[in-house]
Amino acid sequence: MLLSTLIKDIKIEYIHGENDPEIKGIAYDSRKVQPGYVFVAVEGFKTDGHIFLERAVKAGAVALVLEKDVPVPEGVTVVRVKQSRPALALLAASLYRHPSGKLEMIGVTGTNGKTTTTSLIDAIYRGAGIKTGLIGTIANRVGDRTVAVSHTTPESADLQALLGEMAGEGVGAVVMEVSSHALALKRVAGVEYDVAVFTNLTRDHLDFHRDMDDYLAVKAALFSGLGSGSKGQRKFAVINADDPRAGEIIAVTGVPVVTYGIRSKADITAGDIEIASGGVSFTARGKETEIRLNLKLTGMFNVYNALAAYSLGVVRGFSPERIKASLEGVDGVAGRFEAVRKGQDFTVIVDYAHTPDGLENILQTAREITRGRLITVFGCGGDRDRQKRPMMGEIAVRLSDLAIVTSDNPRTEDPLRIIEDIKEGIHQMPGGASYDVEPDRRAAIKKAIFGAKSGDVVVIAGKGHEDYQIIGDTRHHFDDREEAARFIEDRMQKGPLS
Ligand SMILES: CC(=O)N[C@H]1[C@@H](OP(=O)(O)OP(=O)(O)OC[C@H]2O[C@@H](n3ccc(=O)[nH]c3=O)[C@H](O)[C@@H]2O)O[C@H](CO)[C@@H](O)[C@@H]1O[C@H](C)C(=O)N[C@@H](C)C(=O)N[C@H](CCC(=O)O)C(=O)O
Ligand SMILES: Nc1ncnc2c1ncn2[C@@H]1O[C@H](COP(=O)(O)OP(=O)(O)OP(=O)(O)O)[C@@H](O)[C@H]1O
Ligand SMILES: N[C@H](CCC[C@H](N)C(=O)O)C(=O)O
Ligand SMILES: [Mg+2]
């Protein structure tokens, strides 16, 4: 595509250079530039793309998109824009010929439940015989082909390339997680959504967003952006009426809204809820429909996730019976309340709860299936929201019989410093509280498993499906499920600690 065609839809401050080169690709990272590419320089949080212009041109960039007036190498065409991130997104959408316009696009946002809810929605579409694309934390999938992930929501240029592949391979519907980082950093600018789902808003990422209002405003952008577009598909939003901020999301949504809930008045509600260790059952009731759903996922929060998916399915026009069959066929989601079973007489659960609300939910659910003691192993990620640490400490200790505080992904922070932040919340608890500290996650898991007695439940929270631990800038192989399985087998041979 000629540069002049590519930039047709973006607002430009000025252009320098006579050439109108043929553009073969787009890169936001100088290390990924190939001959014939346009390089878009982004000012980031760690470094600045404008530092790497020489490198990009050496690697073959024929055009540069900049948001700053900086010296540039000779011989390339320079396109100056106001903001590079939205420009990057819109240029990529153009280059891949607006793939989201050819696909039914479903975006799911909210603090918790995105991965689970997208898996459930995906199952409904597949069950209806539609080829799907899935984009999210655990994996990206094009039909049955899995593509590696680096983010929950990919960077705009990678996202548009992926959507392009999906459109080219006959995908009908794309179900994707839309993180607040993605919305704030314009990764999804230029994506035309048909349906947006709001799961909930609780505390997280306040290292990145100014405050909860800012966090909400960012999430709300997915809903206010729903009105535009020209696919002719029926657009609607699916919103959790029980969330205290639901009204604010509804207020900015320019398309019909279907609400779901358990406590509040909603279009579709869940009643007669039964929670067991093997799964939840509930009756989903709409104006004209009523159906009993028996899921293999458990926990009250999964009633919400399933109800969101069910509501979407009904409004989309799938039959409640068909939706029921699809939802009931989902065995579980990797690393979400995933049991590690090696024939032991106590329960071990690996879960991705990494926010105060997630942890509270998971421990309440675990308590309901605990006959003995509830033992929790958890930590908090480094280089992420610090204020959630004491809150998670308090929750873990309050809701467990024994909490073992350990490391999550320390990243570039001192693991002991992170643990100190967690302990602050514990020490403020009235009457004090007993807990254990074991900074080495492997040793903490071992301690929990060797300490468990018959009927106990061990919850290992925070890392779920992750098969790595990030210490400094290095990713080491580490999988809570593997570690737990190994120690359970060990313990069954050697016996518990006395
Ligand atoms: C805070 C955040 O999201 N940062 C993202 C952002 O980084 P940044 O803007 O700071 O980039 P930077 O490192 O300063 O570099 C600036 C520019 O120079 C470029 N560069 C850099 C080096 C070089 O040699 N050449 C070069 O051109 C970079 O490619 C970049 O375009 O843009 C980068 C490129 O897309 C992302 O990789 C990076 O994600 C970081 C690694 C990250 O950890 N993000 C997490 C927090 C995140 O996005 N999480 C959400 C899920 C959260 C949730 O809801 O739970 C997600 O969607 O995954
Ligand atoms: N609807 C929900 N409400 C509250 N907590 C939930 C809900 N669904 C799941 N959780 C908890 O949050 C954890 C993460 O769930 P899930 O992966 O579905 O969320 P997510 O929004 O995709 O997370 P991330 O932002 O990290 O990608 C689960 O392991 C569970 O403990
Ligand atoms: N998407 C979340 C994942 C957190 C997972 C937890 N294991 C951690 O590293 O903090 C984030 O990037 O904040
Ligand atoms: Mg997710």
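Each remark here, short or long, concerns the structure printed above.
It should be emphasised that the depicted structure is a prediction, and the values quoted were computed from it without experimental measurement.

> What exactly am I supposed to notice about the packing of helix H14 (residues 441–451) against helix H15 (residues 480–494) here?
When two helices pack together, their arrangement is given by the angle between the helix axes and the distance between those axes. Packing of H14 against H15 leaves a shortest axis separation of 9 Å and a crossing angle of 45 degrees. Here H14 is positioned oblique relative to H15, judged by the angle of their axes. For the element pair H14 and H15, the recorded crossing hand is right-handed. Taken together, the residues of H15 that come into contact with H14 (itself represented by Arg441, Arg442, Ile445, Lys446, Ile449 and Phe450) are Asp480, Glu483, Ala484, Arg486, Phe487, Ile488, Asp490 and Arg491. Residue composition of the contact of H14 with H15, grouped by class: 6 nonpolar, no polar and 8 charged.

> Is there a simple way to think about the packing of aromatic side chains in this case?
Any aromatic ring pair is given by two values, namely how distant the centres are and how the planes are angled relative to each other. The full count for this structure, using the stated rule, is 3 aromatic pairs. For the pair Tyr125 and Phe318, a centre-to-centre distance of 5.1 Å together with 85 degrees between the ring planes defines the contact as edge-to-face. Of the two residues, Tyr125 sits in helix H4 (residues 114–127) while Phe318 sits in the loop between helix H9 (300–316) and helix H10 (320–328), which places them 193 residues apart along the sequence. Given the relative accessible area of 12%, Phe318 is considered buried. One residue, Lys446, lies across the ring of Phe450, its end atom 5.8 Å from the ring centre. Just above the ring of Phe487 sits the side chain of Arg486; from NZ or CZ to the centre is 4.9 Å.

> I keep staring at the coordination of the magnesium ion (ligand 4) and nothing clicks. Help me out?
Metal coordination angles have textbook ideals: 109.5 degrees for a tetrahedral set of four donors and 90 or 180 degrees for an octahedral set of six. All of the protein donors around the magnesium ion (ligand 4) are Thr115 (OG1), Thr137 (OG1) and Glu177 (OE); their distances to the metal are 2.1 to 2.2 Å. All donors to the magnesium ion (ligand 4) come from one chain, and their sequence spacing reads T-x21-T-x39-E. Note that Thr115 is positioned in helix H4 and Thr137 in the loop between strand S7 (132–135) and strand S8 (140–142), a separation of 22 residues in sequence. A residue is classified by how much of its surface remains accessible, and Thr115, at 9% relative accessible area, is buried.

Here is what the cut-offs are and how they apply
Residues numbered from 1 in each chain as written. Chains lettered and ligands numbered in written order. Predicted model: local features only at pLDDT ≥ 70, side-chain atom pairs only at ≥ 80, totals over all residues. Heavy atoms only, no water. Axes fitted to C-alpha atoms, helices over the stretch in contact; angles between N-to-C directions. Helix = DSSP H or I, 4+ residues; strand = E, 2+ residues; numbered from the N terminus. Parallel < 35°, antiparallel > 145°, perpendicular 65-115°, else oblique. Left-handed = near helix turned anticlockwise from the far one by under 90°. Contact = heavy atoms within 4.5 Å. Nonpolar A, V, L, I, M, F, W, Y, C, P; charged D, E, K, R; others polar. Phe/Tyr/Trp six-rings, centres within 6.5 Å; stacked < 30°, edge-to-face > 60°. Buried < 20%, exposed > 50% of the residue type's maximum accessible area, 1.4 Å probe, protein only. Lys NZ or Arg CZ within 6 Å of the ring centre and 35° of its normal. Donors = N, O, S within 2.8 Å, 3.2 Å for Na, K, Ca; no water.

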